[in-house]
Structures are given as structure tokens and as C-alpha cells.
Amino acid sequence: EPEVTQTPSHQVTQMGQEVILRCVPISNHLYFYWYRQILGQKVEFLVSFYNNEISEKSEIFDDQFSVERPDGSNFTLKIRSTKLEDSAMYFCASSEMGADGYTFGSGTRLTVV
Amino acid sequence: EDQVTQSPEALRLQEGESSSLNCSYTVSGLRGLFWYRQDPGKGPEFLFTLYSAGEEKEKERLKATLTKKESFLHITAPKPEDSATYLCAVTGSNYKLTFGKGTLLTVNP
């Protein structure tokens, strides 16, 4: 069964450092997403990406965050200057048609120290 | 703003003891209501999509139903391997998912 692959599975970084989280969506999917889940809290929407541009972003997704699809297979989330409160599980997801059939990756656990 | 409330927060069942999980929602123009299963340290795993009131879907011991205000996930004769957090989410006028906090289900053998 096709799956969304995320790397690394766990990343520890110092406050103020830049991190890049990587995702390989399912190959025939057109819509890409990043969500995050702070420990013990809801899964929260960050950003959606379609046709090589951001289609929607949440209030969380401020100027410190950016997304990119550098080639035909990868989808990345960059946090320019990490803060302690950025510590969370970050999930990448993709779908073929809008919100239907979302498939999530296993996540990257980001720990900012 | 879309809102999803799930209850109970936690549910402990004995193996074979059927029960239901509730998801109440407020959304402007429901596109779809989704149920996911999440195991510790993993991403949400898709279970069902429901699109309109009255719709029902089944998969093994799980059955999801939808009304205009809420959805139920019925678990029939659960097994220990059904233990997980069950997440409900909705999409409205856009394609983003709004999640509830989830119900942590524990099934004891």
C-alpha cells in the first residue's frame, strides 16, 4: 500500500537553529499538507500546498515557517529559527483530491532544547 | 470557525464489551467527516469518510454513522488490538482538517 514517508523520525535541535523536515508524498497525489501535534494536544493544521503554491495556512504558520517542493517527489517544511514551543510531532499528509483520502506519514518528533 | 468535540476523553472496555464514541461538530458547509485511528508515536491512520447525514460505513468491528450535528463510532465486540486513540475531523469550506482531541480507547483482555 502506498505510504507517505517522513525523515528524520526524530530531530533534536538547539533553540534558534534552522530545521528542515522532509516528506515524500504518495506519487500520484496533488495536495500536500503539514500538521503538528504538541504532546497531549489536538492535531493542528499548519499549511496546505497545491500546484506549487500555498493554498491555505493557519495562524501558527508565521514568517518562521516555509514550505517547498524542490523536485517532483519531496515536500519540505523549514523552520528558520526554532523556539522551545515548536517542539511537537510534525505530520506530513497528501491527498489525490482535496480532503478525500488524506494519508498521513508517521511523523517527525522535533525537540527544541 | 470549525469545531469538533469528542467524548468521552477516555474509555476503558473489557474485550467483547461493545460501546460508542461520540463526535459533535460545528462546520460551515460540511464537505466530509473523517475518523482516524492513532497509535502512540504514529500518524493518524484513515478509517472512514462520511459525507451526508444518514450515511453509515463499516469496517470489521467498527461502524461510523453521521447526523447533521454529530457522528458516532460504534465498536462491536472489541479486541485488545483495537486499543488506540480515535480521532474525528471535519472539512468545511476548504480542504484543511479540523480535529477533535480524540478518545483514548483501552480494551482489556
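If you're wondering where the values come from, they're calculated on a predicted model, not measured in any experiment. (Residues numbered from 1 in each chain as written. Chains lettered and ligands numbered in written order. Predicted model: local features only at pLDDT ≥ 70, side-chain atom pairs only at ≥ 80, totals over all residues. Heavy atoms only, no water.)

### Topic: the overall build of chain A
Okay, so step 1: When helices and strands are counted, chain A shows 0 helices and 11 strands.
Okay, so step 2: Here the C-alpha atoms of chain A give a radius of gyration of 13 Å, agreeing with the 13 Å that 2.2 N^0.38 yields for 113 residues.
Okay, so step 3: Its C-alpha atoms give chain A principal-axis dimensions of roughly 35 × 25 × 25 Å.
Okay, so step 4: Residue burial in chain A is summarised as follows: out of 113 residues, 43% are buried.
Okay, so step 5: Restricting the contact set of chain A to residue pairs at least 6 apart, pairs at least 24 apart contribute 54%.
Okay, so step 6: On chain A, roughly 5800 Å² of surface is accessible, and the fraction owed to carbon and sulfur atoms is 45%.
Okay, so step 7: Distance between charge centres in chain A, computed from 9 positive and 15 negative side chains, equals 6 Å. (Helix = DSSP H or I, 4+ residues; strand = E, 2+ residues; numbered from the N terminus. Rg over C-alpha atoms; globule rule 2.2 N^0.38 Å. Buried < 20%, exposed > 50% of the residue type's maximum accessible area, 1.4 Å probe, protein only. Contact = heavy atoms within 4.5 Å. Areas by Shrake-Rupley, 256 points an atom, 1.4 Å probe, with all protein chains shown as cover. Lys, Arg positive; Asp, Glu negative; His and termini not counted. Charge placed at Lys NZ, Arg CZ, Asp CG, Glu CD.)

### Notes on the pattern of salt bridges
Okay, so step 1: Within the structure shown, the criterion is met by 5 salt bridges over all chains.
Okay, so step 2: In this structure, E44(A) and R36(A) form a salt bridge, with 3.2 Å as the shortest nitrogen-oxygen distance.
Okay, so step 3: The partner of K57(B) in a salt bridge is E55(B), with the nearest N and O atoms 3.8 Å apart. (Salt bridge = Lys/Arg side-chain N within 4 Å of Asp/Glu carboxyl O.)

### Description of unusual backbone geometry
Okay, so step 1: Cis geometry is adopted by the peptide bond preceding P8(A), which originates at T7(A) and carries an omega value of -10°.
Okay, so step 2: By the element assignment, P8(A) lies in the loop between β1 (5-7) and β2 (10-13).
Okay, so step 3: Look at the link from S7(B) to P8(B): it is a cis peptide, with omega at -10°.
Okay, so step 4: Within the secondary structure, P8(B) is located in the loop between β1 (3-7) and β2 (10-14).
Okay, so step 5: Backbone geometry at E60(B) places phi at a positive 55°, although glycine is not the residue there.
Okay, so step 6: For E60(B), a relative accessible area of 70% translates into the label exposed.

### Some words on the interface of chain B and chain A
Okay, so step 1: With 19 residues of chain B at the contact, the number on the chain A side is 18 residues.
Okay, so step 2: For the pairing of chain B and chain A, the buried interface totals around 1500 Å² over both sides, and the portion due to carbon and sulfur atoms is 59%.
Okay, so step 3: Counting the contacts that link chain B with chain A gives 0 salt bridges.
Okay, so step 4: Seen at the junction of chain B and chain A, the total is 2 residue pairs in polar contact (both at pLDDT 80 or more).
Okay, so step 5: Only β4 (32-38) and β9 (84-91) of chain B provide two or more residues apiece to the side of chain B that touches chain A.
Okay, so step 6: Residues that form the side of chain B that touches chain A fall into these classes: 10 nonpolar, 6 polar and 3 charged. (Buried area = accessible area lost by both parts, 1.4 Å probe. Polar contact = N/O pair within 3.5 Å; in protein donor to acceptor, adjacent residues only side chain to side chain. Nonpolar A, V, L, I, M, F, W, Y, C, P; charged D, E, K, R; others polar.)

### Describing the environment of L84(A)
Residues and elements named next belong to chain A.
Okay, so step 1: Structurally, the position occupied by L84 is in the loop between β8 (75-79) and β9 (88-95).
Okay, so step 2: Through-space distance from the C-alpha of L84 to that of I38 is 11 Å; in sequence the pair is 46 residues apart.
Okay, so step 3: What L84 contacts, discounting residues up to four positions off in sequence, is M15, V112 and V113.

### A look at the packing of aromatic side chains
Okay, so step 1: A full pass over the atoms with the stated rule returns 18 aromatic pairs over all chains.
Okay, so step 2: On the basis of an interplanar angle of 25° and a centroid distance of 5.9 Å, the ring pair of W34(A) and F75(A) is categorised as stacked. Remark: F75(A) occurs in strand β8 and W34(A) occurs in strand β4 (residues 31-37); sequence separation between them is 41 residues. Here W34(A) matches F75(A) in class, with each residue buried.
Okay, so step 3: Among the aromatic residues, those joined into a ring-pair cluster are Y33(A), Y35(A), F45(A), F91(A), Y102(A), F104(A), F34(B), Y36(B), F46(B) and F99(B). (Phe/Tyr/Trp six-rings, centres within 6.5 Å; stacked < 30°, edge-to-face > 60°.)

### Overview of the nonpolar core
Okay, so step 1: L33(B), W35(B), L73(B) and Y86(B) are the most contacted members of the largest nonpolar core, which totals 23 residues.
Okay, so step 2: At the level of secondary structure, the elements contributing two or more residues to this core comprise β2, β3 (19-26), β4, β5 (45-50), β7 (62-66), β8 (70-75), β9 and β11 (103-108) of chain B.
Okay, so step 3: Element by element, the count of residues in this core is highest for β9(B), at 4 residues.
Okay, so step 4: With 21 residues, the next largest nonpolar core counts V19(A), V47(A), A88(A) and C92(A) among its residues. (Core = buried A, V, L, I, M, F, W, Y, C linked by side-chain atoms within 4.5 Å.)

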